[in-house]
Amino acid sequence: MNILILGNSEDVHAVHLKQALTQAGATVYYLDTHLFPTQLKMSWQPDTQLGCLNLPEGVKLDFQDIHSVFWRSLSSIDLPSYLEPEQQRIALNDSMSALRTLIQACPAHWVNSWQAYQFHKEKPLQLSQVKQLGIVIPATLISNDAEQVLQFAQSQDMLVFKPVYGGTHTQLLKESHLELERLKLVLGLSPVTIQEYIPGTNIRSYVINGSVYSVEIRSPALDFRQDLQAELRPVELPDRVQHQCLAITQALMLEWTAIDWRLSPQGEYVFLEANPSPMFLHVESQMGFPITQELVKLLMN
């Protein structure tokens with residue numbers, strides 16, 4: 001059974017899962033997109049639906065012989081540095097188009113799919129979709145209009161801001177951030193996501209194979225990802241919230257995810273985000289959650 005891991009040997013989660021799958025009897029290779037198109041080769045025929053990969057280690061895999069693919073990380077491609085700017089642009093567009101084709105044309109079982117990852121890249125739409133399920137989300141504004149931002153800021157007692165796409169940590173919105181000229185300058189470069197600050201406790205729920213494993217993350221940091229000393233405690237969510245976890249997973253086309261909640265002092269679970277490729281090794285080792293076992297089962301079944 002051939003299984004690919006979209007990632008490389010520098011990622012501890014990719015290495016861990018490769019070892020677990022190999023021990024379970026699978027033949028596992030890294031699909032390292034950073035090696036495309038210089039070392040990783042791909043071919044596909046739309047009329048016959050036949051395709052194949054030639055991996056850097058000399059292994060050829062026909063699409064139909066790939067059982068499943070685990071999406072850990074999609075790296076940037078590697079183009080020769082000697083290319084002229086116009087050649088660089090054309091080569092980049094062609095290479096990325098071919099990679100996107102591979103991901104959608106290869107009939108293997110993807111965990112998670114291209115569609116799920118595209119949904120994650122449009123985080124405002126993810127929030128909207130979850131809200132339509134009847135789940136509470138923070139009051140949120142996505143904007144590059146200074147007047148709209150100032151108006152929204154006046155409607156809330158306390159706010160946080162973060163990138164629309166992601167990639168950096170959440171910060172508290174201060175009065176200095178709302179100085180009009182500074183605000184116009186910043187918003188002239190890119191829009192921002194501004195949200196109502198939800199006081200309370202961080203809860204992360206790992207959802208896989210119909211099971212929900214949740215942990216309380218105790219940290220004084222605004223963004224617990226910045227706190228390496230955060231205290232972890234297993235928690236059992238109310239049945240209603242566990243059903244919401246499963247509904248979110250289905251609505252966002254995910255087979256495996258980590259959902260971040262804030263549990264308010266009033267006992268309300270507020271949805272923040274669902275991550276399609278969450279880190280899990282630390283939580284698994286501390287809490288004993290069978291995440292690796294469930295991932296192996298999902299990828300091999």
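Residues numbered from 1 in each chain as written. Predicted model: local features only at pLDDT ≥ 70, side-chain atom pairs only at ≥ 80, totals over all residues. Heavy atoms only, no water.

## Considerations on the packing of aromatic side chains
Just so we agree on the cut-off: Aromatic pairs are defined between Phe, Tyr and Trp rings, using the six-membered ring for Trp, whenever the two ring centres lie within 6.5 Å; interplanar angles under 30 degrees are classed as stacked, those over 60 as edge-to-face, and all others as tilted. Runs of H or I in DSSP of at least four residues are treated as helices and runs of E of at least two as strands, each being numbered from the N terminus. The classification of residues rests on relative accessible area computed with a 1.4 Å probe and restricted to protein chains. Under 20% of the type maximum is buried, over 50% is exposed, and intermediate values are partly exposed.
The full count for this structure, using the stated rule, is eight aromatic pairs. Taking the centre distance of 6.2 Å and the plane angle of 85° together, the rings of Trp 261 and Phe 271 count as edge-to-face. With Trp 261 in strand β15 (residues 256-263) and Phe 271 in strand β16 (residues 269-275), this residue pair connects regions lying ten residues apart in the sequence. Phe 271 shares its class with Trp 261; the two are buried.

## Here we look at the environment of Leu 180
Inclusion rule: Whether two residues are in contact is decided by their heavy atoms, any of which lying within 4.5 Å being enough.
Counting through the fold element by element, Leu 180 comes out in helix α6 (residues 180-187). Note on Leu 180: relative accessible area 31%, which makes it partly exposed. For the pair Leu 180 and Ser 277, spaced 97 residues apart in sequence, the C-alpha separation works out to 38 Å. If sequence neighbours within four positions are ignored, Leu 180 has contacts with Ala 146, Glu 147 and Leu 150.

## With respect to the pairing of strand β1 (residues 2-6)
The criterion, for reference: Any two strands with at least two DSSP bridges between them are considered paired.
Most of β1 is tucked away: five of the five residues are buried. Burial along β1 is two-sided: Asn 2, Leu 4 and Leu 6 facing one way and Ile 3 and Ile 5 facing the other are all buried. Sheet analysis places β1 next to strand β2 (residues 27-31), joined by five bridges and oriented parallel. By the bridge assignment, Leu 6 is partnered in β2 with Leu 31. As paired elements, β1 and strand β6 (residues 66-71) share five bridges and run parallel to each other.

## A word on the packing of helix α3 (residues 114-121) against helix α4 (residues 123-131)
To keep it simple, the criterion reads: Axes, fitted as lines to C-alpha atoms, cover a helix only where it is in contact. Angles between the N-to-C directions of the axes lie from 0 to 180 degrees. Oblique is the label for any angle not under 35 degrees, not over 145, and not in the 65 to 115 range, which are roughly parallel, roughly antiparallel and roughly perpendicular in turn. Classification used: nonpolar for Ala, Val, Leu, Ile, Met, Phe, Trp, Tyr, Cys and Pro, charged for Asp, Glu, Lys and Arg, polar for all others including Gly.
One can describe the packing of α3 onto α4 by two numbers: an axis separation of 5 Å at closest approach and a directional angle of 100°. The angle between α3 and α4 places the two elements in the roughly perpendicular class. Of α4, the residues touching α3 (which contributes Phe 119, His 120 and Lys 121) are Lys 123, Leu 125, Gln 126 and Gln 129. By residue class, the composition of the contact of α3 with α4 is two nonpolar, three polar and two charged.

## Structural notes on the state of the cysteines
For the record, the criterion: In this description, a disulfide is simply a cysteine sulfur pair whose atoms lie within 2.5 Å.
This structure, assessed with the given rule, holds zero disulfides. Counting only cysteine sulfurs, Cys 106 is the nearest neighbor of Cys 52, a cysteine outside any disulfide, at a range of 11 Å. By relative accessible area, Cys 52 is classed as buried at 11%. A relative accessible area of 5% means that Cys 106 is categorised as buried.

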